[in-house]
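Results of the structural survey
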Amino acid sequence: MGLFNRKPKLAAEKRPPLERDERMLSWAATANGDGVVVVSNRGLWLPGRAHRLGWHEINKAVWSGRELAVTPAETVVERDGYLVVADLPVETYLLLEPGDVPHQVRARVTSSVSYTAHAKLPAGGAVRVVARRVSGVDGLRWTVRYDPGTAADDPAVVEQTDALVEGARGTGDLSAPA
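Since the model is a prediction, treat every value here as computed from it, not as a measurement.

This part takes up the pairing of strand β9 (residues 113-120). As judged from the seven bridges shared by β9 and strand β10 (residues 126-133), these two strands associate in the antiparallel manner. Bridging across to β10, A117 finds its partner in V129. The hairpin formed by β9 and β10 contains five residues between the paired strands, and G124 there has a positive phi angle of roughly 115 degrees.

Next up, the structure:
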């Protein structure tokens, strides 16, 4: 990219309130002109949100070639040593000049995942166990996301989930996604 082909800087009034150790890496205006999607080293700033989504708070991000679809995670309950999360509604943004926003989002969401495994539960249903890096925090954040129809409150399901998380923590190999 030549000197004259550089993307202009984001206007100060459109910049999100970055933390002291946070830096903006990329941005793209939404097609309807009502906001910008901003990628930082700490997470993703989306139009209409007063706070950023940390990379560990995004269950899924998909680039269609024109639209960025982001599925944020919501904490449902905190258990001993892990969080139960569920998908929030998908947020979709049409980006006509995306630059490297889609690449940055994919790379950062993917790199936040240290371990992932999907398991069927003997009590019924299935669960995904995930360990993720949280920007600016030492250690891993463990979460589980139950498949639709799984009785997440069933004591047998909770017991089996606890055992799965404990087993995953004990593997010592948290770099190889399953």
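An ideal rise of 1.5 Å per residue puts 16 Å on twelve residues; helix α1 (residues 101-112) measures up with 16 Å between its terminal C-alpha atoms. Those residues of α1 not exposed but buried are V101, P102, Q104, V105, V109 and S112. With its buried residues spanning 165 degrees around the axis, α1 presents them on a single face. Counted as exposed and oriented over 90 degrees from the buried face of α1: H103, R106 and T110.

What follows covers the layout of surface pockets. What the largest pocket holds in volume is close to 440 Å³. Taken together, the elements giving at least two residues each to the lining of the largest pocket come down to β5 (58-63), α1, β9, β10 and β11 (140-146).

This brings us to the side chain of R132. Among the structural elements, R132 can be located in strand β10. From its side chain, R132 meets the backbone oxygen of H56 in a polar contact 3.3 Å long.

Calculation notes
Residues numbered from 1 in each chain as written. Predicted model: local features only at pLDDT ≥ 70, side-chain atom pairs only at ≥ 80, totals over all residues. Heavy atoms only, no water. Pairing = 2+ DSSP bridges. Helix = DSSP H or I, 4+ residues; strand = E, 2+ residues; numbered from the N terminus. Expected span 1.5 Å × (residues − 1). Buried < 20%, exposed > 50% of the residue type's maximum accessible area, 1.4 Å probe, protein only. Arc of directions from axis to C-beta. 1 Å grid on protein atoms, 1.4 Å probe; cavity = no way out; pocket = protein on both sides within 12 Å on 5 of 7 lines; lining within 4 Å. Points joined across faces, edges and corners; volume = space filled by probe spheres on them. Polar contact = N/O pair within 3.5 Å; in protein donor to acceptor, adjacent residues only side chain to side chain.

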